[in-house]
Amino acid sequence: MTYSFPHMSGLTNKYVETKVNNRRVLMFAKANDVDSQKAKQLLDQYGLSKDIYEYVDIEKRQDCRQLENYLRYICFTDRRQVMNQLKFVK
């Protein structure tokens, strides 16, 4: 599934699409968010392999703001709180 967002770098879109398509469980989060850390700890307890589960701290990326905007766009939300922990599960 590919989404187009005219005001965003195609590299950011492609990064998200690749991540979502390559993992069964994917969590985009911010490390300083308490709820994100709780969700990460819960997922880590399952010991899922790296080809199934991945945690992405978007604040470590240079395009953090663009990632946030793109994820808000594809999730049809305007709430920043949702972006503190966003999980994709296939």
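Residues numbered from 1 in each chain as written. Predicted model: local features only at pLDDT ≥ 70, side-chain atom pairs only at ≥ 80, totals over all residues. Heavy atoms only, no water.

A. Highlighting the packing of aromatic side chains. One pass over the structure, following the stated rule, counts zero aromatic pairs. The ring centre of Tyr15 lies 3.6 Å from the NZ or CZ of Arg61, which sits over that ring. (Phe/Tyr/Trp six-rings, centres within 6.5 Å; stacked < 30°, edge-to-face > 60°. Lys NZ or Arg CZ within 6 Å of the ring centre and 35° of its normal.)

B. Expanded view of a nonpolar patch on the surface. On the surface, Leu42, Tyr46, Leu48 and Ile52 cluster together into a nonpolar patch covering about 380 Å² of accessible area. Tracing the sequence through the fold places Ile52 in the loop between α2 (34-44) and β2 (53-57). Relative accessible area serves as the criterion here: at 31%, Ile52 is assigned to the partly exposed category. (Patch = residues over 30% accessible without salt bridge, like charges linked within 9 Å, V, L, I, M, F, W, Y side chains within 5 Å. Areas by Shrake-Rupley, 256 points an atom, 1.4 Å probe, with all protein chains shown as cover. Salt bridge = Lys/Arg side-chain N within 4 Å of Asp/Glu carboxyl O. Helix = DSSP H or I, 4+ residues; strand = E, 2+ residues; numbered from the N terminus. Buried < 20%, exposed > 50% of the residue type's maximum accessible area, 1.4 Å probe, protein only.)

C. Up close: α2. Within the span of α2, buried status applies to Ser36, Ala39 and Leu43. The arc that holds the buried residues of α2, viewed along the axis, is 65°, so those residues lie on one side. α2 presents Val34, Lys38 and Gln41 as exposed residues on the side facing more than 90 degrees away from its buried surface. Capping of α2 at its N-terminal end is provided by Asp33; its side-chain oxygen lies 3.4 Å from the backbone amide nitrogen of Asp35. (Arc of directions from axis to C-beta. Polar contact = N/O pair within 3.5 Å; in protein donor to acceptor, adjacent residues only side chain to side chain.)

D. Looking closely at the nonpolar core. Residues Tyr15, Val16, Val20, Leu26, Phe28, Val56, Ile58, Cys64, Leu67, Tyr70, Leu71 and Ile74 constitute the largest nonpolar core, which totals twelve residues. Going through the elements one at a time, α1 (10-22), β1 (25-29) and α3 (64-74) are the ones with two or more residues in this core. A per-element tally of this core places α3 first, with five residues. Counting residues in hydrophobic clusters, the runner-up holds six residues, among them Met27, Ala39, Leu43 and Tyr53. (Core = buried A, V, L, I, M, F, W, Y, C linked by side-chain atoms within 4.5 Å.)

E. Just α1, in detail. If you check α1, its first and last C-alpha atoms are 18 Å apart, about what 13 residues at 1.5 Å a residue would give, namely 18 Å. Within the sequence span of α1, burial applies to Thr12, Asn13, Tyr15, Val16, Glu17, Lys19 and Val20. (Expected span 1.5 Å × (residues − 1).)

F. Broad picture of the pattern of salt bridges. Scanning all chains against the criterion turns up six salt bridges. The partner of Arg61 in a salt bridge is Asp63, and the shortest N-O contact between them spans 2.9 Å. The exposure class of Arg61 is partly exposed, given its relative accessible area of 28%. Asp63 sits in the buried class, given a relative accessible area of 11%. Residues joined in a network through salt bridges with shared partners are Lys19, Arg23 and Glu54.

G. Examining the packing of α1 against α3 more closely. Between α1 and α3, the least distance of the axes is 10 Å, while the angle of their chain directions is 60°. Crossing hand, α1 versus α3: right-handed. Each of Thr12, Asn13, Tyr15, Val16 and Glu17 in α1 lies in contact with α3, whose residues at this interface are Gln66, Leu67, Tyr70, Leu71 and Ile74. (Axes fitted to C-alpha atoms, helices over the stretch in contact; angles between N-to-C directions. Left-handed = near helix turned anticlockwise from the far one by under 90°. Contact = heavy atoms within 4.5 Å.)

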